[in-house]
Amino acid sequence: MVATGSLAYCIICMANHDLDEFRSFNCGHCFCLPCIELMFTNENGSRKAHYDCPGCRARIQRKDEHRIYIEIVDQKKAFVECVVEGLDKMDADSKLISVKKAEGKIKTARDKAEGDQELMIQLYQAILSFKERIIPVFTEIESHHAELAALKLSLAQSQAHVSTLEKQAKRVSVLEREASRLRAELREMDNQREMALGLAESAKDEVMTAREKVDVHVKRASDLEKDKKRMADQLEVHMNAANRNKVKMKALKDQIKTINERLEAKEREVQEAQEASQRHDYSDFNEYDGYELQSSQHPAPSFSRNAHTVNPSHHHRQQHNENTGPSFAFEAMPQPGFEFGGSWGQPLPARGTITKVGVDGKSRIVKAGVTAMKNMVTSTTLAPANVLKKKNANGNALGFPISLDRKGKPIAPVQMGPKHTIRVKY
Ligand SMILES: [Zn+2]
Ligand SMILES: [Zn+2]
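Residues numbered from 1 in each chain as written. Chains lettered and ligands numbered in written order. Predicted model: local features only at pLDDT ≥ 70, side-chain atom pairs only at ≥ 80, totals over all residues. Heavy atoms only, no water.

## Let's talk about the coordination of the zinc ion (ligand 1)
Thought 1: Distances from the zinc ion (ligand 1) to its protein donors, Cys10 (SG), Cys13 (SG), Cys32 (SG) and Cys35 (SG), fall within 1.8 to 2.5 Å.
Thought 2: The site at the zinc ion (ligand 1) holds four donor atoms, and with the angles between them running 98 to 114°, its shape is tetrahedral.
Thought 3: All donor residues of the zinc ion (ligand 1) come from one chain, and their arrangement in sequence is C-x2-C-x18-C-x2-C. With cysteine 10 in strand S1 (residues 7-10) and cysteine 35 in helix H1 (residues 33-39), this residue pair connects regions lying 25 residues apart in the sequence. With respect to class, cysteine 10 is no different from cysteine 35; both count as buried. (Donors = N, O, S within 2.8 Å, 3.2 Å for Na, K, Ca; no water. Tetrahedral: all angles 85-135°; square planar, octahedral: opposite > 155°, others 65-115°. Helix = DSSP H or I, 4+ residues; strand = E, 2+ residues; numbered from the N terminus. Buried < 20%, exposed > 50% of the residue type's maximum accessible area, 1.4 Å probe, protein only.)

Next up, the structure:
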């Protein structure tokens, strides 16, 4: 449809013509029909086949011309209709920038619709409609504000709650760490308990072993105690015996003392008798010249109980000599005053009749046979000094040169005679 009433401008004749009078060519330029008739007509009135476009100099031909079909719209009306359409579409979901721009657009539309009553009515109705639609939006916004405030309050409370929870969480975390630590400690303690139980078990075994050892030791100690008691008893018995022996010894000492006193009395008696005898019979002893006298100046056998030496020292002898005068060296010569009483050469006394007083002071009866024989032999034999070693207090030989058994028999071959010939002068 060709728009009617719409004008266009021709650049050749520089005048406005109705759009229906214009024709378009291949280059796109449009010209009015009168100008086109002039362009394709020569001066002689003949037709031109082609022509250079006055707009762009492109070759254009008369046969290419065609009509223009285009709808021309009123710009103001179109703008106002566009604004009305936008207002109608606007609602609560529209963008804020569109709403802000709407005011300016409405003002422009009002200016453009000036004088066009129909457009003004359209615009007014659109504004009213928009107002009706926008009020509920504000109401909703108000309610939204209230909701928002409530939500803010709730949020604040929630934040406070969250803060409390966070604090609690912190505490819980601390407690959890503590609990974890405690659990670890518990495990450690469990391990230690296990170890302690093991140790206690081994310690128990050791204690049992030690107890057994202690029992053994206690038993041993008890045995030792018994032994000790037994020893103490024995010691007491021995002490008693020793005490008794001491008493006995004392009695014996007393006895010895008594005997010594008696002996001294006897010695004095003997001395007196000897002196008397020397005074009376000294010449008689000289008849025994045949015996090998040790020496006339040798002392007589000592009667001192203390003379333990076999042969008294020379010093002693001299001392005795001074006191007692010359005497014989006969060992074991029966001394005057002894109970044997017999003199040399007399028959043997009857068995069991010889009594002697020993060094211990006790009287004893010697067996006549053996002892008398001994006496006989010793008295008739000049004993070598190294044979007769022991003498009693009186200088008498205690030992017999021949060893005898209990029955008086010699236990070794014996030469019964004197080794040296003794000549006796009568
Ligand atoms: Zn023209
Ligand atoms: Zn052109």
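## Description of the confidence of the model for the protein chain
Thought 1: Per-residue pLDDT for the protein chain has a mean of 77; in total, 67% of the residues score no lower than 70.
Thought 2: Within the protein chain, helix H5 (residues 314-324) has the poorest average pLDDT of any element, 45, and strand S4 (residues 30-32) the best, 95.
Thought 3: With pLDDT under 50 throughout, residues 285-332 is counted as low confidence; its partners more than four residues away or in other chains account for 82 contacts.
Thought 4: Note on residues 377-390: pLDDT is under 50 here. Beyond four places in sequence and across chains, it has 29 contacts. (pLDDT = per-residue confidence, 0-100. Contact = heavy atoms within 4.5 Å.)

## Topic: the pattern of salt bridges
Thought 1: Summed over all chains, the structure comprises twelve salt bridges.
Thought 2: A salt bridge links arginine 62 to glutamate 65; the nearest nitrogen and oxygen atoms lie 2.6 Å apart.
Thought 3: Assessed through its relative accessible area of 21%, glutamate 65 is described here as partly exposed.
Thought 4: Lysine 89 is the salt-bridge partner of glutamate 85, the closest N and O atoms lying 3.7 Å from each other. Here the residue glutamate 85 and the residue lysine 89 both occupy positions in helix H2 (residues 75-89), the gap between them amounting to four residues, near one helical turn.
Thought 5: On the accessibility criterion, lysine 89 (61% relative accessible area) is exposed.
Thought 6: Each of the salt bridges in this network shares a partner with another, and the network as a whole consists of Glu37, Arg62 and Glu65. (Salt bridge = Lys/Arg side-chain N within 4 Å of Asp/Glu carboxyl O.)

## Considerations on the nonpolar core
Thought 1: Counting 14 residues, the largest nonpolar core has Val80, Val83, Val84, Leu87, Ala109, Leu123 and Phe130 as its most contacted members.
Thought 2: For this core, the secondary-structure elements that each account for two or more residues are H2, helix H3 (96-112) and helix H4 (117-285).
Thought 3: Considering every element that reaches this core, the biggest residue donor is H4, with five residues.
Thought 4: Excluding anything up to four places from it in sequence, phenylalanine 130 contacts Leu87, Met90 and Val99. (Core = buried A, V, L, I, M, F, W, Y, C linked by side-chain atoms within 4.5 Å.)

## Let's talk about H3
Thought 1: Here H3 contains 17 residues, and its C-alpha end-to-end distance of 25 Å stays within 8% of the 24 Å for a straight helix at 1.5 Å per residue.
Thought 2: The largest bend in H3 is about 30°, located at alanine 102. (Expected span 1.5 Å × (residues − 1). Bend = angle between axes of the 7 residues up to and from the residue.)

## Quick notes on the coordination of the zinc ion (ligand 2)
Thought 1: Looking at the zinc ion (ligand 2), the protein donor atoms are Cys27 (SG), His29 (ND1) and Cys53 (SG), and they sit 1.8 to 2.3 Å from it.
Thought 2: Considered as a linear motif, the donors of the zinc ion (ligand 2) on their single chain read C-x1-H-x23-C. Here cysteine 53 lies in the loop between strand S5 (50-52) and strand S6 (59-61) and histidine 29 lies in the loop between strand S3 (22-24) and S4, a separation of 24 residues in the sequence.
Thought 3: A residue is classified by how much of its surface remains accessible, and cysteine 53, at 0% relative accessible area, is buried.

## Quick word on unusual backbone geometry
Keep in mind that most residues, glycine aside, have a negative phi and that most peptide bonds are trans.
Thought 1: Residues other than glycine seldom take positive phi values, yet methionine 14 does so here, at roughly 55°.
Thought 2: Examined against the element boundaries, methionine 14 turns out to sit in the loop between S1 and strand S2 (15-18).
Thought 3: In this structure methionine 14 comes out as exposed when scored by relative accessible area, which is 60%.

## Description of the sheet that holds strand S7 (residues 66-67)
Thought 1: Read across the sheet, three strands follow the order S4-S3-S7 without closing on themselves; strand pairing throughout is antiparallel. The sheet is open, and its two edges are formed by S4 and S7, each paired on a single side.
Thought 2: With two bridges joining them, S3 and S7 adopt antiparallel strand pairing. Among the inter-strand pairings, serine 24 is bridged to a residue of S7, identified as histidine 66. (Pairing = 2+ DSSP bridges.)

## Details of the side chain of arginine 62
Thought 1: Residue placement: arginine 62 occurs in the loop between S6 and S7.
Thought 2: Accessibility expressed as a relative area gives 16% for arginine 62, which makes it buried.
Thought 3: What arginine 62 contacts, discounting residues up to four positions off in sequence, is Ile36, Glu37, Phe40, Arg47 and Ala49.

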